[in-house]
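Spelled out from the first residue to the last, the chains are:
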Amino acid sequence: MVTEENPKSEILNPKIRISKLNVWYEGKHALKDLTLEVEHKEIMGVIGPSNSGKTSLLKTLNRLNELYPGCRTEGEVKLDGKDIFKEIDKHLLRKRVGIVFALPLPLPLSIFDNVAYGPKLHGLKDKSKLKEIVEMSLRASAIWDEVKDRLSSPAFTLSGGQQQRLCIARTLAVEPEIILYDEPCSGLDPISTLKIEEAMRELKKNYTQVLVTNNVKQAARVSDRTAFFLMGEMIEMGATAQMFTSPRDKRTDDYISGRFG
Amino acid sequence: MRRPFEYVIEKAIFLSGAASILFVALIFIFLLKEGLALFGEVNFFSFLLGTNWYPISDPPQFGILPLILGSVFVTLGAIVIAVPLGLAAAIYTAEVAPRSIRGILKSGIELLAAIPSIVLGFIGIIFLAPLLKNLFNLPSGLTALAGSIMLAFMAMPTIVSIIEDAIVSVPKNYKEGSLALGATHWQTIYRVILPAASSGIIAAVMLGIGRVIGETMAVLMITGNAAIMPTSFLQPVRTLTATVAAEMGEAVSGSLHYYSLFAIGIILFIISFIINILADMFLNRSRSRR
Amino acid sequence: MRDTRRYERIAFNLLLLATLIIIAPVGIIVFIVLWHGLPGLSWEFLTAMPRDGMRAGGIFPAIVGTILLTIGTAVFSIPLGILAAIYLNEYAERNWLTRMVEISIINLAGIPSIVYGLFGLGLFVSFLGFGASILAGSLTLAIMTLPVIITATREALGSVPNAFREVSFSLGASRWQTVRGVVLPNAIPGILTGTILGLSRAAGETAPILFTVAAFYLPRLPESIFDQAMALPYHIYVLSTQVPNVSLKVQYSTVLVLVALVFVMNLTAAYIRSKFRKRKTW
């Protein structure tokens with residue numbers, strides 16, 4: 001495991017390698033000179049107060065920030081060694097790098113069609129295969145038992161927590177390699193939050209995950225390593241246990257103990 | 001991976017977007033094609049400023065000033081009627097009317113907009129013209145005034161809905177601030193809300209003018225069709241639009257008369273172009289305040 | 001203080017008066033048309049051919065002509081209008097070209113209907129040689145209706161929340177897949193409403209069809225799109241201004257048919273709009 005204490009360690013094949021990434025939105029410098037690696041099948045937690053660049057980071061990883069007209073990017077991001085801007089088609093990239101948004105955003109379709117939407121985009125037409133994938137994805141996001149009898153009812157009839165797990169299933173259905181979470185549990189009750197955190201731990205077996213969260217305790221519970229961002233800069237990154245017991249930077253310590261944020 | 005169908009449809013989308021520019025250009029070009037032919041034989045200024053429109057006499061005269069003035073009279077009259085009424089109705093609907101009947105009022109105004117102009121013209125000749133004839137003791141009720149009244153009603157839905165939009169989008173804190181200082185609702189309306197909505201109001205007036213200048217059938221039926229220099233509202237007049245509609249049926253294709261009607265079309269196109277661009281500017285100013 | 005209250009009350013009453021002045025005529029006109037037109041309506045009137053220079057018989061060809069023209073307008077303007085709106089709302093960037101397109105649409109919307117008639121005459125009837133025909137009339141009406149359809153469709157597309165688009169893109173969809181899968185399906189009610197309203201306007205227009213298609217007395221149905229046709233608005237115009245000795249009842253009844261047609265279309269559009277608003281889940 002690589003930590004800041006051992007910078008000379010050879011980093012062989014990280015899943016994601018970010019080098020000197022800078023992102024601007026309409027002139028505002030949202031991410032400053034970021035260098036970071038994410039390992040295969042780890043959960044990387046990203047914490048920090050609002051406007052620290054956490055969401056910008058996520059939306060750069062799947063090039064979703066290109067939807068915003070005033071956005072400019074400089075620097076390099078590599079997925080499995082390939083440059084995501086120059087060597088990977090952005091639609092394929094988004095298939096490989098899935099995202100779960102902060103508010104549950106079911107499409108105005110049935111539960112089944114929500115999950116099937118993604119695979120259909122990429123050409124899957126076979127009805128039985130679609131059923132398989134939908135079931136698999138709903139099981140993996142720990143919601144299958146609750147919806148298996150009403151797959152054709154509209155998605156908005158589910159509760160907030162269920163909708164969010166549906167969104168996770170929807171992301172899983174395109175069979176990504178990486179899952180990004182943008183404050184997925186904000187606004188959810190503690191039980192739903194727990195269920196989602198459980199799901200994340202299960203998903204670790206097969207997926208690399210990056211979790212942006214406003215809830216410091218959640219990062220402590222779930223992530224293997226954690227990065228702390230402040231005003232667009234990454235201040236510190238390391239093994240979660242170490243970060244939370246003895247952070248090296250005073251600002252990290254202040255944020256984690258709630259002195260600001 | 002991107003299928004060929006998607007490529008084709010995206011090309012179709014881009015072309016469709018550009019189509020509007022193409023159509024405007026086409027319209028202007030075809031108007032020019034037939035209209036400019038007039039000016040080979042007729043001096044442009046005697047066309048624009050000549051006071052005699054006798055296209056079928058021998059020799060023909062093509063002065064459109066009486067027609068321009070006819071349009072101006074009718075338009076002015078219509079706006080004088082439509083703007084105060086429309087403004088009042090917009091204020092009432094947007095600010096004063098109880099919520100429950102607001103929907104009915106808006107539907108009523110929409111319904112007025114839905115009536116085809118030919119129907120309004122028809123009603124006009126049956127009811128309005130005789131009414132005016134009796135009221136003012138005229139030889140005929142088919143006058144500029146009749147046209148102005150009829151057209152005012154046609155322009156009002158446009159005027160009302162744009163002003164209403166502008167009023168509704170005045171930020172609520174302007175209104176709340178004024179009321180908090182002790183002003184009455186009415187004082188707030190005319191001192192704060194209306195000034196704030198002024199760009200929208202100007203845009204509404206311009207679009208109303210555009211609507212009225214462009215109207216053809218109702219004016220044709222109700223303004224009396226006398227292509228002479230108008231001196232009062234109680235006279236029959238002829239507008240630019242009505243002239244084209246009335247005479248194109250008789251004009252021989254390729255004759256000077258034919259070209260002259262297209263030349264009138266050019267004038268109408270340019271007038272509406274200017275009005276619409278200006279109105280759009282004011283509408284944008286109104287919208288950017290939101 | 002009492003004075004300002006009194007002014008306010010007077011002012012508000014005047015406003016109400018103005019509003020009633022505008023709206024009352026609608027009711028009055030509808031009433032008059034119904035009152036005078038209903039007695040003349042009969043099955044024969046609606047389905048028979050005109051006879052005796054239009055003094056007897058029915059207006060069937062005019063009804064058919066108006067319907068054919070409306071269909072023709074729809075065929076030419078709806079696909080083009082929807083695609084253009086998709087371009088403006090989903091694909092176009094904020095640059096000078098887009099601005100020009102928007103200005104063009106605004107201008108098309110404001111061009112006087114008689115100028116469209118001249119244009120149709122110049123381009124479709126003469127230059128392209130279609131002659132006075134359903135084809136020429138439909139094309140002319142279609143270009144006139146285009147801005148209405150584009151504007152209504154743009155609004156409908158714009159009302160679909162951006163979040164849906166973002167979700168679709170995040171799953172790897174291309175722009176067209178997103179438009180087709182998420183945006184269009186949710187914009188259909190708004191598009192339908194705007195389209196029907198636009199077509200109802202086209203059905204009631206006279207000036208654009210004066211020289212491009214309309215004939216007054218054609219006691220037979222059109223046989224091809226290159227034929228001329230009768231149409232209700234033009235029919236009303238001629239009946240009330242050019243033909244002597246036509247009974248007022250016939251005129252009113254024809255007006256009633258046109259008004260009924262236009263109102264039915266408007267009510268349908270309003271119904272779709274309100275039903276959709278109730279069912280919206282976002």
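Worth saying up front: this structure is predicted, and the values here are computed from it rather than measured.

**Here we look at the layout of surface pockets**
The gaps left among the atoms become clear once a water-sized probe is rolled over them.
Inference 1: As a volume, the second largest pocket reaches approximately 1,000 Å³.
Inference 2: Along the wall of the second largest pocket there are 27 residues; nearest its centre are L67(A), E90(C), Y91(C), A92(C) and R175(C).
Inference 3: Looking at the lining of the second largest pocket, its residues break down into eight nonpolar, five polar and 14 charged.

**Description of the pattern of salt bridges**
Inference 1: Across all of its chains, the model carries 34 salt bridges over all chains by this definition.
Inference 2: The salt bridge involving R139(A) is made with E135(A); its shortest N-O contact spans 2.9 Å. With R139(A) and E135(A) both in helix α4 (residues 127-140) and four residues apart, the pair spans about one turn of that helix.
Inference 3: For E135(A), a relative accessible area of 29% corresponds to the partly exposed category.
Inference 4: A salt bridge links K205(A) to E202(A); its shortest N-O distance comes to 2.9 Å.
Inference 5: Classification of E202(A) as partly exposed rests on a relative accessible area of 46%.
Inference 6: When salt bridges with common partners are traced through the structure, they connect D280(B), R94(C), R99(C), E102(C) and R154(C) into a single cluster.

**A few points about a nonpolar patch on the surface**
Residues and elements named next belong to chain B.
Inference 1: Nonpolar side chains collect at one region of the surface, where V72, L76, L135, F136, F233 and L234 lie side by side and expose about 520 Å² of accessible area between them.
Inference 2: Broken down by secondary-structure element, the contributors of at least two residues to the nonpolar patch are α3 (65-96) and α5 (117-136).
Inference 3: Here F233 lies in the loop between α10 (217-222) and α11 (240-247).
Inference 4: When its relative accessible area of 31% is taken as the criterion, F233 is described as partly exposed.

**Topic: the interface of chain B and chain C**
Inference 1: In this assembly, 75 residues from chain B lie in contact with 76 residues from chain C.
Inference 2: A combined buried area of about 6,600 Å² lies between chain B and chain C, and 80% of that area is made up of carbon and sulfur atoms.
Inference 3: Taken together, the links from chain B to chain C amount to two salt bridges.
Inference 4: With a closest N to O distance of 2.9 Å, D280(B) and R99(C) form a salt bridge.
Inference 5: Taken together, chain B and chain C are joined by six residue pairs in polar contact (both at pLDDT 80 or more).
Inference 6: Per element, the largest residue contribution to the side of chain B that touches chain C is 19 residues, and it comes from helix α1 (residues 4-35) of chain B.

**Brief notes about the pairing of strand β7 (residues 178-182) of chain A**
Residue and element names in this part refer to chain A.
Inference 1: Counting buried positions over the five residues of β7 gives five, a clear majority of the element.
Inference 2: Along β7, one buried face is formed by I178, L180 and D182 and the opposite face, lined by I179 and Y181, is buried too.
Inference 3: For strand β6 (residues 97-100) and β7, the ladder comprises four bridges, and the chain directions are parallel. Bridge pairing links V97 to I178 in β7.
Inference 4: Where β7 and strand β8 (residues 208-212) come together, five bridges link them in parallel fashion. Paired with I178 across the two strands is T208, which belongs to β8.

**A closer look at the sheet that holds strand β5 (residues 82-83) of chain A**
All names here are of chain A.
Inference 1: With respect to topology, four strands assemble into an open sheet ordered β2-β1-β4-β5, the strand pairing being antiparallel. Strands at the two margins of the open sheet, each flanked by one partner only, are β2 (28-38) and β5.
Inference 2: Running over the sheet, helix α1 (residues 54-61) touches β1 (16-25), β2 and β4 (71-79) and is turned about 115° from β1.

**Side note on α4(A)**
Residues and elements named next belong to chain A.
Inference 1: Here α4 spans 20 Å end to end across 14 residues, near enough to the 20 Å set by a 1.5 Å rise per residue.
Inference 2: Elements that come into contact with the buried residues of α4 comprise α3 (111-121), α5 (144-147) and α6 (160-172).
Inference 3: Positive backbone phi, approximately 60°, marks A142, located one or two places after α4.

**Description of the packing of helix α12 (residues 256-287) of chain B against helix α5 (residues 113-127) of chain C**
Inference 1: For the pair α12(B) and α5(C), interaxial distance at closest approach is 9 Å and the crossing angle is 130°. It follows from the interaxial angle that α12(B) and α5(C) lie oblique. At the point where α12(B) passes α5(C), the crossing takes the left-handed sense. Facing α12(B), whose interface residues are Y258(B), L261(B), F262(B), G265(B) and L268(B), α5(C) presents I114(C), V115(C), L118(C), L121(C), G122(C) and S126(C).
Inference 2: Tallied by class, the residues present in the contact of α12(B) with α5(C) amount to eight nonpolar, three polar and no charged.

**Details of empty space enclosed by the protein**
All names here are of chain A.
Inference 1: Using the criterion set out here, one finds six cavities of 30 Å³ or more in the structure.
Inference 2: Size it by volume and the second largest cavity reaches roughly 50 Å³.
Inference 3: What lines the second largest cavity is simply I16, L61, V77, K78, L79, I84, L93, V97 and I178.
Inference 4: With three residues, β4 is the largest single contributor of residues to the lining of the second largest cavity.
Inference 5: A breakdown of the residues in the lining of the second largest cavity according to their chemical character gives eight nonpolar, no polar and one charged.

**Focus: the sheet that holds β6(A)**
Note on sheets: strands pair through backbone hydrogen bonds, and any given pair is parallel or antiparallel.
Residues and elements named next belong to chain A.
Inference 1: With mixed pairing, the six strands of this open sheet are ordered in space as β6-β7-β8-β3-β9-β10. In the strand order of this sheet, the two ends are held by β6 and β10 (233-239), each with one partner. Neighbour-to-neighbour, the strand axes of this sheet turn through a mean angle of 20°, independent of strand direction.
Inference 2: Sheet strands touched by α1: β3 (43-47), β6, β7, β8 and β9 (225-230). Its angle to β7, the strand with the most contacts, is close to 150°.

**Remarks on the state of the cysteines**
Residue and element names in this part refer to chain A.
Inference 1: Evaluation of the coordinates by the stated rule reveals zero disulfides over all chains.
Inference 2: This cysteine, C167, is not joined by any disulfide, and C185 carries the nearest cysteine sulfur, 12 Å off.
Inference 3: A residue is classified by how much of its surface remains accessible, and C185, at 10% relative accessible area, is buried.

**Here we look at the environment of M230(C)**
Residue and element names in this part refer to chain C.
Inference 1: With respect to the element layout, M230 can be found in the loop between α9 (207-210) and α10 (232-241).
Inference 2: C-alpha of M230 to C-alpha of Y217: the two residues are 13 residues apart in sequence and 7.1 Å apart in space.
Inference 3: With sequence-adjacent residues up to four places away left out, M230 is seen in contact with P50, P61, A62, G65, T66, A215, F216, L218 and H235.

**Let's talk about the packing of aromatic side chains**
Inference 1: Across all of its chains, the model carries 23 aromatic pairs over all chains by this definition.
Inference 2: Judged by centre distance (6.0 Å) and plane angle (65°), the rings of Y258(B) and Y259(B) are edge-to-face.
Inference 3: Here Y234(C) and Y237(C) contribute two aromatic rings whose centre-to-centre distance is 6.4 Å and whose plane-to-plane angle is 45°, an arrangement assigned as tilted. Taken together, the residues Y234(C) and Y237(C), both in helix α10 and three residues apart, mark about one turn of the helix.
Inference 4: Classification of Y234(C) by relative accessible area gives buried; the value is 16%.
Inference 5: Accessibility expressed as a relative area gives 8% for Y237(C), which makes it buried.
Inference 6: Through a chain of ring-to-ring contacts, the aromatic side chains of F30(B), F119(C), F124(C) and F127(C) assemble into a single cluster.

**With respect to the environment of V192(B)**
Residues and elements named next belong to chain B.
Inference 1: Relative to the assigned elements, V192 resides in helix α8 (residues 185-196).
Inference 2: Along the backbone, V192 and K175 are 17 residues apart, and their C-alpha atoms lie at a distance of 7.0 Å.
Inference 3: Non-local contacts of V192, meaning those with residues more than four positions away in its chain, are made with Y174, S178 and Q187.

**Focus: unusual backbone geometry**
Inference 1: Each neighbour pair has its own omega, and for D58(B) with P59(B) the value is 5°, a cis peptide bond.
Inference 2: Look at D33(A): it is not a glycine, yet its phi comes out positive at around 50°.
Inference 3: One non-glycine residue, N51(A), lies in positive phi territory at about 65°.
Inference 4: Relative to the helices and strands, N51(A) resides in the loop between β3 and α1.

Definitions and cut-offs
Residues numbered from 1 in each chain as written. Chains lettered and ligands numbered in written order. Predicted model: local features only at pLDDT ≥ 70, side-chain atom pairs only at ≥ 80, totals over all residues. Heavy atoms only, no water. 1 Å grid on protein atoms, 1.4 Å probe; cavity = no way out; pocket = protein on both sides within 12 Å on 5 of 7 lines; lining within 4 Å. Points joined across faces, edges and corners; volume = space filled by probe spheres on them. Nonpolar A, V, L, I, M, F, W, Y, C, P; charged D, E, K, R; others polar. Salt bridge = Lys/Arg side-chain N within 4 Å of Asp/Glu carboxyl O. Helix = DSSP H or I, 4+ residues; strand = E, 2+ residues; numbered from the N terminus. Buried < 20%, exposed > 50% of the residue type's maximum accessible area, 1.4 Å probe, protein only. Patch = residues over 30% accessible without salt bridge, like charges linked within 9 Å, V, L, I, M, F, W, Y side chains within 5 Å. Areas by Shrake-Rupley, 256 points an atom, 1.4 Å probe, with all protein chains shown as cover. Contact = heavy atoms within 4.5 Å. Buried area = accessible area lost by both parts, 1.4 Å probe. Polar contact = N/O pair within 3.5 Å; in protein donor to acceptor, adjacent residues only side chain to side chain. Pairing = 2+ DSSP bridges. Axes fitted to C-alpha atoms, helices over the stretch in contact; angles between N-to-C directions. Expected span 1.5 Å × (residues − 1). Parallel < 35°, antiparallel > 145°, perpendicular 65-115°, else oblique. Left-handed = near helix turned anticlockwise from the far one by under 90°. Disulfide = S-S within 2.5 Å. Phe/Tyr/Trp six-rings, centres within 6.5 Å; stacked < 30°, edge-to-face > 60°.

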